[in-house]
Amino acid sequence: MAAAVLALIGLLISVYLWLWKIGVLGELVCFDGGCETVQLSEYAYFLGIPVALLGLIGYLAILAVSLVGIQPRWVERREPTLALIALSGLGVAYSAYLTYLEAAVIHAWCQWCVISAVLICLTFIAALAGLWEVPREGSAGA
Amino acid sequence: MTQQRSLRFFYIALGLIAIGGLIAIWMVRQSNAARTAAREAGPVPVNAAGFEGWVMGSDSAAVEIVEYADFECGACAHFSILTGPDIRDRLVASGRVRWRFRDFPLQGHPNSPAAHHAAACAGEQGRFWEMQEQIFYNQARWARDRRPGRRIRDYARAVGLDMGQYDDCMDEQRYVGQIQASYQEGLAVGVSSTPSFVIGDLLVIGSLPYDSVVALVERAERRLQQ
């Protein structure tokens, strides 16, 4: 459940950044203008796709898997938790790369991106914690 | 049963977070739209008396080249990037030529006025040429934006402008009249496309390689000696 809440907040941030990216929102709410510097840099795209859109898709996938994982028929199974670990692990790795770019290459900080990085780390931790909660196959009901 | 009820509460909480977030995004959008509308409704100064364009080079240079350019025009960017440095280093720096840039924003280029105005605001702080370079070098990026102001503002920051003064200048649309006057002046001398150049007494239409610029400067110098 914690992963779903975190993913939903991350999703809203991604939606906000993506809407700004496509010019729907006007100015970006940002503490010192660093968000625009980061969002307008060449690193705001990955293979031609805006990173905000990738985040939106990623968080949507994590939210969907989290919601599947809490359904009664799936709650005792490990697959959703493992999928959640894989997805959020990927997110953590990519967020770490983006945070490195902000610090060492772009020299500007986007607060929304930092919040998103924290959220994806917390989601990953929540997913790992879920692994301990889910009984191992064959030991269910023991 | 208890599990189903707690799930239901969870879905409601999740839905409330989603609705709250979307409302917040919508409110930000409305607030930005209201601010933009206020800017657009502001007074537009039309007095551009005495503005002679942006000048680089010595007052005592024998030959003056006047360039009429549009910041969104690809050929203008091409000329500025490829030929501009040679002209600056070899003709202007040596005192042989004085360069004058005049705004000629074409009507089919929707992002051009914002770029010209940003350059004028940079010129107010003595950074016109640096801003011009940023705008031309990055033309492929901002020219595609629906709202180019955000990206162009980054270039203003990159060239070291006082951002408070820049924002005030952009908000007040301080140089709209000056740019319009420059455009009218271009029409009056026969400019209809960009880039166009007046070199001595000759109006030259279209981008030029460096060697052609030198040949035209030499022609102008010869005519002055006659």
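Preceding this section is the structure that the text describes.
Below, the structure is looked at part by part.

**Structural notes on the overall build of chain A**
Across its full length, chain A carries 5 helices and 2 strands. Counting helices and strands in the order they occur from the N terminus, chain A gives α-α-β-β-α-α-α. Counting every position in chain A, which comprises 142 residues, the buried fraction comes to 41%. Considering only intrachain contacts with a sequence separation of at least 6, the fraction spanning at least 24 residues in chain A is 74%.

**Overview of the sheet that holds strand 3 (residues 97-103) of chain B**
Residues and elements named next belong to chain B. A sheet is described by the order of its strands in space; here 5 strands give the open sequence 1-3-2-4-5, paired in mixed fashion. Since the sheet does not close on itself, it has two edges, and those belong to strand 1 (54-56) and strand 5 (202-205), each with one partner. Each strand of the sheet is rotated relative to its neighbour by a mean of 20 degrees, with strand direction disregarded. Two elements, strand 4 (residues 196-199) and strand 5, share 4 bridges in a ladder whose sense is antiparallel. By the bridge assignment, valine 198 is partnered in strand 5 with leucine 203.

**Details of the nonpolar core**
Counting 42 residues, the largest nonpolar core has Ala115, Ala118, Ala119, Cys121, Ile135, Ile152 and Ala156 of chain B as the members making the most contacts within it. In terms of nonpolar packing, the next biggest core, distinct from the first, is built from 38 residues, Leu17, Leu25, Val51 and Ala126 of chain A among them.

**Here we look at the pairing of strand 4 of chain B**
All names here are of chain B. As paired elements, strand 2 (residues 63-69) and strand 4 share 4 bridges and run antiparallel to each other. Residue pairing for strand 4: valine 66 is matched across the bridge by valine 198. Turn length for the strand 4-strand 5 hairpin, with the two strands adjacent in sequence and antiparallel, is 2 residues, and the turn residue glycine 200 shows positive phi of about 65 degrees.

**So, the environment of leucine 203 of chain B**
All names here are of chain B. Of note, leucine 203 is situated in strand 5. A residue is classified by how many C-beta atoms lie within 10 Å of it, and leucine 203, with 13 of them, is partly exposed. Along the sequence, leucine 203 and isoleucine 65 sit 138 residues apart, while their C-alpha atoms lie 9.9 Å from each other. The contacts of leucine 203, once residues within four sequence positions are left out, are Val189, Gly190, Ser196 and Val198.

Procedures and definitions
- Sequence order as written defines the numbering, with residues in each chain counted from 1.
- Going through the entries in the order they are written, you letter the chains from A and number the ligands from 1.
- In keeping with the predicted nature of the model, local features appear solely for residues at pLDDT of at least 70, side-chain atom pairs appear and are counted solely at 80 or more, and the whole-chain, interface and lining totals rest on all residues.
- By definition, any uninterrupted DSSP run of H or I lasting at least four residues is a helix, any uninterrupted run of E lasting at least two residues is a strand, and each is numbered from the N terminus.
- Neighbour density around each residue's C-beta defines its exposure: 20 or more other C-beta atoms within 10 Å make it buried, 12 or fewer make it exposed, and counts between make it partly exposed, where C-beta atoms are placed from the backbone.
- Any residue pair is listed as a contact if its two C-beta atoms, each placed from the backbone, are within 7 Å.
- Strands pair, by our definition, only if DSSP identifies at least two bridges between them.
- Each axis is a line fitted through C-alpha atoms, and for a helix only the stretch in contact is used; angles between axes span 0 to 180 degrees, taken between their N-to-C directions.
- Here a nonpolar core is just a set of buried residues of the types Ala, Val, Leu, Ile, Met, Phe, Trp, Tyr and Cys, joined wherever their C-beta atoms sit within 7 Å.

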